[in-house]
Amino acid sequence: MTNNIFDKFEKAYNYITNEEDARICKDISEESCRYTSWNFFIIIISNTFSKLGDVLANPKTVLAWLLKYLNAPLFLISFIVPIRESFSMLPQIVIANYIRRLPVRKWVWVFGSALQFASMVGVGIVALNFTGNKAGYLIIILLVIFSLSRGFCSIASKDILGKTIPKTRRGRLNGYSTSISGVLVIISGGIMLLNSNSDPGINYFTYIIFSAALLWLIASIVYATINEFPGETTGGRNGLKEALQKVSILKTDKTFRNFIIARSLLLCSALVAPFYIVLAQKYIGSKPMLLGIFIITNGLASAISAPYWGKKADLSSKSVLINASLMAAILGIIVFSITSWVPLIRNAMWFYPVVYFILGIAHDGVRLGRKTYIVDIATGDKRIEYVAVGNTIIGFILLITGGISALLSLFSVEGIVLGLSILGLIGAYVSSKLKDA
């Protein structure tokens, strides 16, 4: 049975890549090359499950609604997005030094995904049994655990991708997994849209949380079947001490330093998204159907654009970063201009899903471009070092910029959109100066 599945994966892989030449495996081991097709689809399948889980437990939508429904303190609700994003990045510089001692690292991803399952099950149980402050604090604690577990997956996934998939196929893999997830997101958004005119109660949303948890458990089981062979390791050292020393890579490695500067500026494509929704609520109102519409448009953007960005990233991830960041930045300037001076369009309900759809396309380009770039510019254990140091630094920057944006948005939402868009333009310029991968 396994051989039949392997043969089907091999045929599908050759069809998708249109390449049967084993010479593309020159940057991975000969052992890994034999299982490229299998690993290619296993990673796609596991990524699809985990990405869909991310949508069903999105902190900007479902978790925020859940905390509000449970009458949790408002200031706790403001913390869920920074905690979920930053805590998955900040510890990576320490975690990386322990992961590097492991010759086979897929089990780190499996452990992280299983821990996401457990923490999200905890959120569902808390929601069914507690309200108010107690529910809020317990969910925040579980969200911290959840976010830390994402850090294990993040740092392991890029290293395993580099060990098991040839250099010119990584962007395509990320593109297809994002596209498939996008289709499933559209379906999920449609289901939510159908229930937008009623209040289904706490049970409905906890079922969504439990469903998200189950998806991470399935993803961990699938990922465990990757054929990963032992790779480079480093000796046992003090994780924190070595981690602090690794920050010096910013001084010695110009290519990496410039990438971190560019990536910091390109955070605008992610940070600006909530403010598009805030603008919609400001000028149209908090209509229940808006949530489902935004989820559908975002999923549609991923399904359509991800394969395109993935193929382009295999040719030049640097160009993808430039083009996608320019798209997001120019879009933001247009949105600022219209919401400031063109009330006829500003008050039209169709306007916001359309611009959110375009932003989704641009953000997928930025995300796929920088993921492919960081994997391609590094080899061996340097790859895991790049990811760990980079994500830790970005975690700090995300907390700072996210906090500043949140404060400034109290005065002018349009101004925040313009400011982040200008940063995007600067990011596109800095990206143009990056070394070709």
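Refer to the structure presented above.
Residues numbered from 1 in each chain as written. Predicted model: local features only at pLDDT ≥ 70, side-chain atom pairs only at ≥ 80, totals over all residues. Heavy atoms only, no water.

**Q** So what exactly am I meant to see when it comes to the pattern of salt bridges here?
**A** Side chains that carry opposite charge are capable of pairing whenever their charged atoms lie near each other. Evaluation of the coordinates by the stated rule reveals five salt bridges. One salt bridge in this structure joins Asp54 and Arg84, with 3.1 Å as the shortest N-O distance. With a gap of 30 residues between them, Asp54 in helix 3 (residues 36–56) and Arg84 in helix 6 (residues 80–86) connect regions that are remote in the sequence. By relative accessible area, Arg84 is classed as buried at 6%. Measuring nitrogen to oxygen at the nearest pair gives 3.2 Å for the salt bridge that ties Lys282 to Glu414. Of this pair, Lys282 sits in helix 16 (residues 273–283) while Glu414 sits in helix 21 (residues 413–432), and the two are 132 residues apart along the sequence. Taken together, the salt bridges that share partners define one network made up of Asp54, Arg84 and Arg150. (Salt bridge = Lys/Arg side-chain N within 4 Å of Asp/Glu carboxyl O. Helix = DSSP H or I, 4+ residues; strand = E, 2+ residues; numbered from the N terminus. Buried < 20%, exposed > 50% of the residue type's maximum accessible area, 1.4 Å probe, protein only.)

**Q** Is there a simple way to think about the packing of helix 16 against helix 21 in this case?
**A** Between two packed helices, the angle of one axis relative to the other and the distance separating the axes together describe the packing. Packing of helix 16 against helix 21 leaves a shortest axis separation of 10 Å and a crossing angle of 155 degrees. Relative to helix 21, the element helix 16 is oriented roughly antiparallel. As helix 16 runs across helix 21, the sense of the crossing is left-handed. Across from Phe275, Tyr276, Val278, Leu279, Lys282 and Tyr283 in helix 16, the residues of helix 21 making contact are Val413, Glu414, Ile416, Val417 and Leu420. Broken down by class, the residue content of the contact of helix 16 with helix 21 amounts to nine nonpolar, no polar and two charged. (Axes fitted to C-alpha atoms, helices over the stretch in contact; angles between N-to-C directions. Parallel < 35°, antiparallel > 145°, perpendicular 65-115°, else oblique. Left-handed = near helix turned anticlockwise from the far one by under 90°. Contact = heavy atoms within 4.5 Å. Nonpolar A, V, L, I, M, F, W, Y, C, P; charged D, E, K, R; others polar.)

**Q** In this structure, what is going on with helix 16? I would like to understand it.
**A** The α-helix advances 3.6 residues per turn, and as a result positions three or four apart in sequence lie on the same side. Taken together, the buried positions of helix 16 are occupied by Ala273, Phe275, Tyr276, Leu279 and Ala280. Down the axis, helix 16 shows its buried residues gathered within 165 degrees of arc, on one side only. At the exit of helix 16 stands Gly285, carrying a positive phi of roughly 105 degrees. (Arc of directions from axis to C-beta.)

**Q** Looking at this structure, I do not really get the nonpolar core. What am I missing?
**A** As a rule of thumb, nonpolar side chains are buried together in soluble globular proteins. Among the nonpolar cores identified, the biggest contains 51 residues, and Ile43, Ile155, Leu173, Tyr223, Phe256 and Ile374 are the most heavily contacted of them. Among the elements that make up this core, the one with the highest residue count is helix 17 (residues 289–341) (seven residues). In this structure, Ile43 is in contact with Leu161, Thr164, Ile165, Leu173, Tyr223 and Ile226, ignoring residues within four places of it in sequence. Counting residues in each nonpolar core, the second largest holds 36 residues, with Val62, Ala72, Leu143 and Ala212 among its members. (Core = buried A, V, L, I, M, F, W, Y, C linked by side-chain atoms within 4.5 Å.)

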